[in-house]
Amino acid sequence: MSQDFESIERDVEAAVDGDPASVAERVRTITLGALSHGKLDADALKQVTDAVLRGAQQGIERPDRERTEAMREAVRGLDEALAAAAQATLLAVKEAVGRSSEYSRQEIRGTLDQLGAMESNFLRTLADAGRGATGLARATLHELTEHARNSGTAVGGRIANAGADLARAVADLTREQVQSGAQTLRNEAGLLAALASGMLRGVADRLHPAGSDDDKGGPRDPQA
(Lines give C-alpha, C1' and ligand atoms only; values in the text may rest on other atoms or scores of the structure.)
Protein backbone atom coordinates (compact mmCIF):
# COMPACT_ATOMS: atom_id res chain seq x y z
CA MET A 1 0.00 0.00 0.00
CA SER A 2 1.70 3.18 -1.20
CA GLN A 3 0.58 6.06 0.98
CA ASP A 4 1.86 9.54 1.83
CA PHE A 5 1.47 9.18 5.58
CA GLU A 6 2.86 12.65 6.24
CA SER A 7 0.03 14.04 4.11
CA ILE A 8 -2.49 12.07 6.17
CA GLU A 9 -0.96 13.50 9.35
CA ARG A 10 -1.12 17.05 8.00
CA ASP A 11 -4.73 16.66 6.91
CA VAL A 12 -5.77 15.28 10.31
CA GLU A 13 -3.79 17.95 12.14
CA ALA A 14 -5.62 20.64 10.15
CA ALA A 15 -8.96 18.96 10.86
CA VAL A 16 -8.32 18.80 14.61
CA ASP A 17 -7.13 22.42 14.65
CA GLY A 18 -10.34 23.55 12.90
CA ASP A 19 -13.98 23.67 13.90
CA PRO A 20 -14.53 21.05 16.65
CA ALA A 21 -18.04 20.36 15.33
CA SER A 22 -16.66 19.00 12.06
CA VAL A 23 -13.59 17.13 13.36
CA ALA A 24 -15.13 13.63 13.50
CA GLU A 25 -16.59 13.85 10.01
CA ARG A 26 -13.41 15.26 8.49
CA VAL A 27 -11.18 12.65 10.14
CA ARG A 28 -13.56 9.89 9.04
CA THR A 29 -13.39 11.16 5.46
CA ILE A 30 -9.57 11.37 5.56
CA THR A 31 -9.30 7.85 7.00
CA LEU A 32 -11.74 6.33 4.52
CA GLY A 33 -9.88 7.98 1.66
CA ALA A 34 -6.56 6.58 2.85
CA LEU A 35 -7.89 3.06 3.43
CA SER A 36 -9.63 3.00 0.05
CA HIS A 37 -6.30 3.01 -1.81
CA GLY A 38 -4.15 -0.07 -2.27
CA LYS A 39 -5.00 -3.15 -0.21
CA LEU A 40 -7.20 -3.13 2.87
CA ASP A 41 -5.12 -5.45 5.04
CA ALA A 42 -3.80 -5.47 8.60
CA ASP A 43 -0.67 -3.49 7.74
CA ALA A 44 -2.68 -0.79 5.98
CA LEU A 45 -5.10 -0.51 8.90
CA LYS A 46 -2.27 -0.11 11.39
CA GLN A 47 -0.24 2.35 9.32
CA VAL A 48 -3.21 4.59 8.55
CA THR A 49 -4.45 4.43 12.16
CA ASP A 50 -0.98 5.41 13.40
CA ALA A 51 -0.82 8.33 10.95
CA VAL A 52 -4.27 9.58 11.95
CA LEU A 53 -3.41 9.47 15.65
CA ARG A 54 -0.09 11.25 15.08
CA GLY A 55 -1.87 14.00 13.19
CA ALA A 56 -4.49 14.31 15.93
CA GLN A 57 -1.80 14.66 18.59
CA GLN A 58 -0.05 17.38 16.63
CA GLY A 59 -3.32 19.27 16.33
CA ILE A 60 -3.96 19.63 20.08
CA GLU A 61 -0.77 21.22 21.30
CA ARG A 62 -2.71 24.02 23.03
CA PRO A 63 -3.85 22.67 26.44
CA ASP A 64 -7.48 23.76 26.57
CA ARG A 65 -10.88 22.10 26.79
CA GLU A 66 -11.67 22.75 23.12
CA ARG A 67 -8.56 20.90 21.94
CA THR A 68 -9.32 17.97 24.24
CA GLU A 69 -12.78 17.70 22.69
CA ALA A 70 -11.20 17.87 19.24
CA MET A 71 -9.02 14.85 20.06
CA ARG A 72 -12.08 12.94 21.26
CA GLU A 73 -13.88 13.77 18.03
CA ALA A 74 -10.86 12.74 15.94
CA VAL A 75 -10.75 9.33 17.60
CA ARG A 76 -14.52 8.98 17.08
CA GLY A 77 -14.10 9.72 13.39
CA LEU A 78 -11.27 7.20 13.16
CA ASP A 79 -13.37 4.56 14.94
CA GLU A 80 -16.28 5.12 12.57
CA ALA A 81 -13.98 4.83 9.55
CA LEU A 82 -12.60 1.54 10.89
CA ALA A 83 -16.20 0.33 11.34
CA ALA A 84 -16.77 1.06 7.65
CA ALA A 85 -13.57 -0.85 6.86
CA ALA A 86 -14.87 -3.80 8.88
CA GLN A 87 -18.12 -3.72 6.92
CA ALA A 88 -16.21 -3.65 3.63
CA THR A 89 -14.02 -6.55 4.73
CA LEU A 90 -17.09 -8.59 5.66
CA LEU A 91 -18.64 -7.90 2.25
CA ALA A 92 -15.38 -8.95 0.59
CA VAL A 93 -15.26 -12.20 2.57
CA LYS A 94 -18.84 -13.05 1.61
CA GLU A 95 -18.03 -12.30 -2.03
CA ALA A 96 -14.86 -14.39 -1.89
CA VAL A 97 -16.65 -17.36 -0.33
CA GLY A 98 -19.14 -17.22 -3.18
CA ARG A 99 -16.26 -17.21 -5.68
CA SER A 100 -14.00 -19.60 -3.80
CA SER A 101 -12.42 -20.93 -6.99
CA GLU A 102 -10.74 -17.54 -7.39
CA TYR A 103 -9.43 -17.01 -3.87
CA SER A 104 -7.08 -18.90 -1.63
CA ARG A 105 -8.97 -20.55 1.22
CA GLN A 106 -6.04 -19.70 3.48
CA GLU A 107 -6.40 -16.04 2.55
CA ILE A 108 -10.12 -16.08 3.27
CA ARG A 109 -9.51 -17.60 6.69
CA GLY A 110 -6.72 -15.11 7.36
CA THR A 111 -9.04 -12.22 6.50
CA LEU A 112 -11.71 -13.59 8.83
CA ASP A 113 -9.10 -13.67 11.61
CA GLN A 114 -8.07 -10.10 10.74
CA LEU A 115 -11.68 -8.98 10.91
CA GLY A 116 -12.16 -10.54 14.33
CA ALA A 117 -9.04 -8.75 15.65
CA MET A 118 -9.86 -5.27 14.34
CA GLU A 119 -11.24 -3.88 17.60
CA SER A 120 -8.43 -5.24 19.77
CA ASN A 121 -5.84 -3.93 17.30
CA PHE A 122 -7.50 -0.49 17.33
CA LEU A 123 -7.46 -0.40 21.14
CA ARG A 124 -3.83 -1.52 21.22
CA THR A 125 -2.81 1.17 18.73
CA LEU A 126 -4.72 3.79 20.69
CA ALA A 127 -3.01 2.74 23.92
CA ASP A 128 0.42 2.73 22.25
CA ALA A 129 -0.21 6.24 20.92
CA GLY A 130 -1.06 7.39 24.45
CA ARG A 131 2.10 5.89 25.90
CA GLY A 132 4.17 7.63 23.23
CA ALA A 133 2.48 11.02 23.67
CA THR A 134 3.11 13.75 26.23
CA GLY A 135 1.07 16.32 28.12
CA LEU A 136 -2.54 16.84 27.12
CA ALA A 137 -2.41 14.35 24.27
CA ARG A 138 -1.15 11.60 26.56
CA ALA A 139 -3.83 12.18 29.18
CA THR A 140 -6.60 12.43 26.59
CA LEU A 141 -5.55 9.30 24.70
CA HIS A 142 -5.30 7.34 27.95
CA GLU A 143 -8.81 8.45 28.90
CA LEU A 144 -10.14 7.56 25.45
CA THR A 145 -8.52 4.13 25.56
CA GLU A 146 -10.06 3.31 28.92
CA HIS A 147 -13.46 4.57 27.82
CA ALA A 148 -13.33 2.50 24.63
CA ARG A 149 -12.36 -0.62 26.55
CA ASN A 150 -15.21 -0.16 29.01
CA SER A 151 -17.92 1.06 26.64
CA GLY A 152 -16.99 -0.56 23.34
CA THR A 153 -16.20 0.90 19.94
CA ALA A 154 -17.99 1.47 16.65
CA VAL A 155 -15.73 -1.04 14.91
CA GLY A 156 -16.35 -3.63 17.63
CA GLY A 157 -20.09 -3.07 17.39
CA ARG A 158 -20.04 -3.50 13.63
CA ILE A 159 -18.14 -6.78 13.94
CA ALA A 160 -20.46 -8.04 16.70
CA ASN A 161 -23.53 -7.20 14.58
CA ALA A 162 -21.98 -9.17 11.74
CA GLY A 163 -21.56 -12.27 13.90
CA ALA A 164 -24.31 -14.27 12.17
CA ASP A 165 -22.98 -13.35 8.73
CA LEU A 166 -19.47 -14.33 9.78
CA ALA A 167 -20.71 -17.67 11.10
CA ARG A 168 -22.43 -18.36 7.77
CA ALA A 169 -19.29 -17.36 5.87
CA VAL A 170 -17.19 -19.78 7.92
CA ALA A 171 -19.77 -22.55 7.44
CA ASP A 172 -19.84 -21.94 3.68
CA LEU A 173 -16.05 -21.96 3.55
CA THR A 174 -15.83 -25.18 5.55
CA ARG A 175 -18.39 -26.84 3.26
CA GLU A 176 -16.39 -25.74 0.23
CA GLN A 177 -13.24 -27.23 1.75
CA VAL A 178 -14.97 -30.56 2.29
CA GLN A 179 -16.43 -30.65 -1.21
CA SER A 180 -13.18 -29.77 -2.97
CA GLY A 181 -9.82 -31.18 -2.04
CA ALA A 182 -8.11 -29.31 -4.87
CA GLN A 183 -6.21 -26.06 -4.45
CA THR A 184 -7.89 -22.92 -5.65
CA LEU A 185 -6.99 -21.59 -9.08
CA ARG A 186 -5.43 -18.40 -7.81
CA ASN A 187 -3.32 -18.10 -4.70
CA GLU A 188 -1.67 -14.71 -5.18
CA ALA A 189 -1.35 -12.86 -1.88
CA GLY A 190 -3.45 -9.75 -1.46
CA LEU A 191 -6.32 -10.56 -3.82
CA LEU A 192 -8.89 -10.47 -1.04
CA ALA A 193 -7.36 -7.33 0.51
CA ALA A 194 -7.66 -5.62 -2.86
CA LEU A 195 -11.29 -6.74 -3.11
CA ALA A 196 -11.97 -5.35 0.38
CA SER A 197 -10.44 -2.03 -0.62
CA GLY A 198 -12.78 -1.87 -3.60
CA MET A 199 -15.71 -2.66 -1.33
CA LEU A 200 -14.62 0.14 1.01
CA ARG A 201 -14.63 2.63 -1.86
CA GLY A 202 -18.26 1.70 -2.43
CA VAL A 203 -19.05 2.10 1.28
CA ALA A 204 -17.21 5.45 1.33
CA ASP A 205 -19.14 6.67 -1.71
CA ARG A 206 -22.43 5.93 0.05
CA LEU A 207 -21.23 7.71 3.18
CA HIS A 208 -19.88 10.71 1.32
CA PRO A 209 -21.25 11.02 -2.23
CA ALA A 210 -19.27 13.21 -4.59
CA GLY A 211 -20.67 16.69 -4.99
CA SER A 212 -22.75 16.53 -1.82
CA ASP A 213 -23.15 19.54 0.43
CA ASP A 214 -20.94 17.72 2.93
CA ASP A 215 -17.84 17.61 0.73
CA LYS A 216 -15.78 19.62 3.21
CA GLY A 217 -17.27 18.21 6.35
CA GLY A 218 -17.31 14.49 5.67
CA PRO A 219 -20.00 11.84 5.72
CA ARG A 220 -22.99 12.09 8.01
CA ASP A 221 -24.18 8.50 8.47
CA PRO A 222 -21.59 6.06 9.85
CA GLN A 223 -24.08 3.17 9.70
CA ALA A 224 -24.81 3.42 5.96
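Cut-offs applied
- Residues numbered from 1 in each chain as written.
- Predicted model: local features only at pLDDT ≥ 70, side-chain atom pairs only at ≥ 80, totals over all residues.
- Heavy atoms only, no water.
- Helix = DSSP H or I, 4+ residues; strand = E, 2+ residues; numbered from the N terminus.
- Buried < 20%, exposed > 50% of the residue type's maximum accessible area, 1.4 Å probe, protein only.
- Contact = heavy atoms within 4.5 Å.
- Areas by Shrake-Rupley, 256 points an atom, 1.4 Å probe, with all protein chains shown as cover.
- Axes fitted to C-alpha atoms, helices over the stretch in contact; angles between N-to-C directions.
- Parallel < 35°, antiparallel > 145°, perpendicular 65-115°, else oblique.
- Nonpolar A, V, L, I, M, F, W, Y, C, P; charged D, E, K, R; others polar.
- Polar contact = N/O pair within 3.5 Å; in protein donor to acceptor, adjacent residues only side chain to side chain.
- Salt bridge = Lys/Arg side-chain N within 4 Å of Asp/Glu carboxyl O.
- Arc of directions from axis to C-beta.
- Left-handed = near helix turned anticlockwise from the far one by under 90°.
- Lys, Arg positive; Asp, Glu negative; His and termini not counted.
- pLDDT = per-residue confidence, 0-100.

Describing the overall build of the chain
Scanning the chain from terminus to terminus reveals 10 helices and 0 strands. Counting from the amino terminus, helix and strand elements in the chain follow one another as α-α-α-α-α-α-α-α-α-α. Counting every position in the chain, which comprises 224 residues, the buried fraction comes to 47%. Considering only contacts within the chain whose residues lie at least 6 apart along the sequence, 82% involve residues at least 24 apart. A total accessible area of about 10,700 Å² is found for the chain, and carbon and sulfur atoms account for 49% of it.

Observations concerning the packing of helix α6 (residues 118–132) against helix α8 (residues 154–161)
Any two packed helices are characterised by how steeply their axes cross, that is the angle between the axes, and by the distance between the axes. Axis separation between α6 and α8 bottoms out at 8 Å; the angle between their running directions is 170 degrees. What the angle tells us is that α6 and α8 run roughly antiparallel. Packed against α6, whose contacting residues are Met118, Glu119 and Phe122, the element α8 presents Val155, Gly156 and Ile159 at the interface. Class assignment of the residues belonging to the contact of α6 with α8 gives a composition of 4 nonpolar, 1 polar and 1 charged.

Quick notes on the environment of asparagine 121
Locating asparagine 121 in the fold gives a position in helix α6. Its relative accessible area of 33% is what places asparagine 121 among the partly exposed residues. Taking C-alpha positions, asparagine 121 is 9.1 Å from leucine 45, a pair spaced 76 residues apart along the chain. Among the polar contacts listed, one links the side chain of asparagine 121 to the side chain of arginine 124, at a separation of 2.7 Å.

Regarding the pattern of salt bridges
The final tally for this structure, using the stated rule, is 9 salt bridges. Note that arginine 72 is salt-bridged to glutamate 143, the shortest N-O span being 3.0 Å. Of the two residues, arginine 72 is situated in helix α4 (residues 65–98) and glutamate 143 in helix α7 (residues 135–151); the sequence distance between them amounts to 71 residues.

As for the side chain of threonine 68
Looking at the secondary structure, you find threonine 68 in helix α4. Using a relative accessible area of 12% as the deciding quantity, one classes threonine 68 as buried.

Examining α8
Looking only at α8, the buried set comprises Val155, Gly156, Arg158 and Ile159. Seen along its axis, α8 keeps its buried residues to an arc of 160 degrees; they face one direction. The exposed set on the far side of α8, more than 90 degrees from its buried face, consists of Ala160 and Asn161.

Overview of the packing of helix α3 (residues 42–58) against α6
Between α3 and α6, whose axes approach to 10 Å, the crossing angle comes to 35 degrees. Seen along the crossing, α3 lies across α6 with a hand that is right-handed. Between α3 and α6, the residues in contact are Leu45, Lys46, Thr49, Asp50, Leu53 and Gln57 and Met118, Phe122, Thr125, Leu126 and Ala129, respectively.

Here we look at the side chain of glutamate 107
Tracing the chain through its elements places glutamate 107 in helix α5 (residues 105–116). No salt bridge is formed by the buried glutamate 107. Its closest oppositely charged neighbour is lysine 39, at 7.3 Å. Here the side chain of glutamate 107 touches leucine 192 through a polar contact of 3.1 Å, landing on its backbone nitrogen.

Regarding the confidence of the model for the chain
Averaged over the chain, the pLDDT score is 81; the fraction of residues at 70 or greater is 79%. Across the chain, the secondary-structure element scoring lowest on mean pLDDT is helix α9 (residues 163–179), at 66, and the one scoring highest is α6, at 95. This stretch, residues 181–187, has a pLDDT under 50; its non-local contacts, to residues over four places away or in other chains, come to 16 contacts. Under a pLDDT of 50 for its full length, residues 210–224 has, in the predicted model, 30 contacts with residues more than four places off or in other chains.

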